[in-house]
Amino acid sequence: MAKFVQDSSGEIYRILLEADGGMWIISFSNPAPPVFIASAEEFQLVEIPFDFLKATKRILKKAEIRRKVLIQPLLDMGGQCITDKAYRLQMSRNIAEMTGTTARQILRIFYRYLATGSLERSEVKALKRLQAQRRKIAEQRKTAAVHT
């Protein structure tokens, strides 16, 4: 089951892998390459975002199926494509060469899918707006709590 954490600034991350020395995470609202965090002290577990649940439960459209096929070799490699940047890049280059797209595009789809569970293009912008709104509300609550 997917796990999510939140840092002190309100940013939500998906935990991709947990290791003895820490965890590999990816930003839910700003999908980018996974990062290793040695200490989880600054993070707290949060509920799975509704948008993630919604994205993983829906039926895929044709374009989304094509995107999933593009990144399937990366997904099939499991943790190696999360923890090994050079391997991930080489795999994305191989996929791009075979499919006539770019490694950059393959990686964007891969990161977005890992972070949000979505293969839709429009979801990314909507998720960023939603996360920004949630951060703003959290900041307002903090400010209100300090003043009371």
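The structure displayed is predicted, hence computed values, not measured ones.

Caption draft 1: The sheet that holds strand 2 (residues 12-19), seen in detail. Here we have five strands laid out as an open sheet, ordered 4-3-2-1-5, and antiparallel in their pairing. Strand pairing shows two members of the sheet lacking a second neighbour, strand 4 (35-37) and strand 5 (44-46), which therefore form its edges. Across the sheet, the mean angle separating the axes of adjacent strands is 45° when strand polarity is ignored. The sheet contact formed by strand 3 (residues 22-27) and strand 4 spans three bridges and is antiparallel. Within strand 4, the position partnered with Ile25 by the bridge is Val35.

Caption draft 2: Geometry of the packing of helix 4 (residues 85-99) against helix 5 (residues 103-116). Between helix 4 and helix 5, whose axes approach to 8 Å, the crossing angle comes to 115°. The two elements helix 4 and helix 5 meet at a crossing, and its hand is right-handed. Contacts between helix 4 and helix 5 involve Arg88, Leu89, Ser92, Arg93, Ile95 and Ala96 from the first element and Ala103, Ile106, Leu107, Phe110 and Tyr111 from the second.

Caption draft 3: Here's a closer look at the environment of Thr143. Its location among the elements puts Thr143 in helix 6 (residues 122-147). Taking the relative accessible area as the measure of exposure, Thr143 reaches 43% and is therefore partly exposed. One polar contact links the side chain of Thr143 to the main-chain carbonyl oxygen of Glu139, over a distance of 2.9 Å.

Caption draft 4: Expanded view of helix 1 (residues 50-57). Residues of helix 1 that are buried include every one of Asp51, Phe52 and Ala55, and no others. Seen along its axis, helix 1 keeps its buried residues to an arc of 100°; they face one direction. Turned more than 90 degrees away from the buried face of helix 1, the exposed residues are Phe50 and Lys57.

Caption draft 5: Representation of the packing of aromatic side chains within the structure. Under the counting rule described, the total for this entry stands at five aromatic pairs. Between Phe4 and Phe52, the ring centres sit 5.1 Å apart and the planes meet at 70°, which makes this aromatic pair edge-to-face. Taken together, the positions of Phe4 in strand 1 (residues 3-6) and Phe52 in helix 1 put the pair 48 residues apart, joining distant regions of the chain. Classification of Phe4 by relative accessible area gives buried; the value is 0%. A relative accessible area of 6% means that Phe52 is categorised as buried. On the numbers, 6.0 Å between centres and 45° between planes, the contact of Phe110 with Tyr111 is tilted. Here the aromatic cluster, defined as three or more aromatic residues joined through ring pairs, consists of Phe4, Phe28 and Phe52.

Caption draft 6: Just the pattern of salt bridges, in detail. Taken as a whole and assessed by the stated rule, the structure comprises five salt bridges. As a salt-bridge pair, Lys3 and Glu18 come within 2.9 Å of each other at their nearest N and O atoms. One end of the pair, Lys3, is in strand 1; the other, Glu18, is in strand 2, with 15 residues separating them in the sequence. A relative accessible area of 38% means that Lys3 is categorised as partly exposed. The salt bridge partner of Glu120 is Lys61, with a shortest N-O separation of 3.6 Å. Separated by 59 residues along the polypeptide, Glu120 in the loop between helix 5 and helix 6 and Lys61 in the loop between helix 1 and helix 2 (62-76) bring together distant segments of the chain. Shared partners join several salt bridges into a network, and the residues in it are Arg58, Lys61, Glu64 and Glu120.

Procedures and definitions
- Residues numbered from 1 in each chain as written.
- Predicted model: local features only at pLDDT ≥ 70, side-chain atom pairs only at ≥ 80, totals over all residues.
- Heavy atoms only, no water.
- Pairing = 2+ DSSP bridges.
- Helix = DSSP H or I, 4+ residues; strand = E, 2+ residues; numbered from the N terminus.
- Axes fitted to C-alpha atoms, helices over the stretch in contact; angles between N-to-C directions.
- Left-handed = near helix turned anticlockwise from the far one by under 90°.
- Contact = heavy atoms within 4.5 Å.
- Buried < 20%, exposed > 50% of the residue type's maximum accessible area, 1.4 Å probe, protein only.
- Polar contact = N/O pair within 3.5 Å; in protein donor to acceptor, adjacent residues only side chain to side chain.
- Arc of directions from axis to C-beta.
- Phe/Tyr/Trp six-rings, centres within 6.5 Å; stacked < 30°, edge-to-face > 60°.
- Salt bridge = Lys/Arg side-chain N within 4 Å of Asp/Glu carboxyl O.

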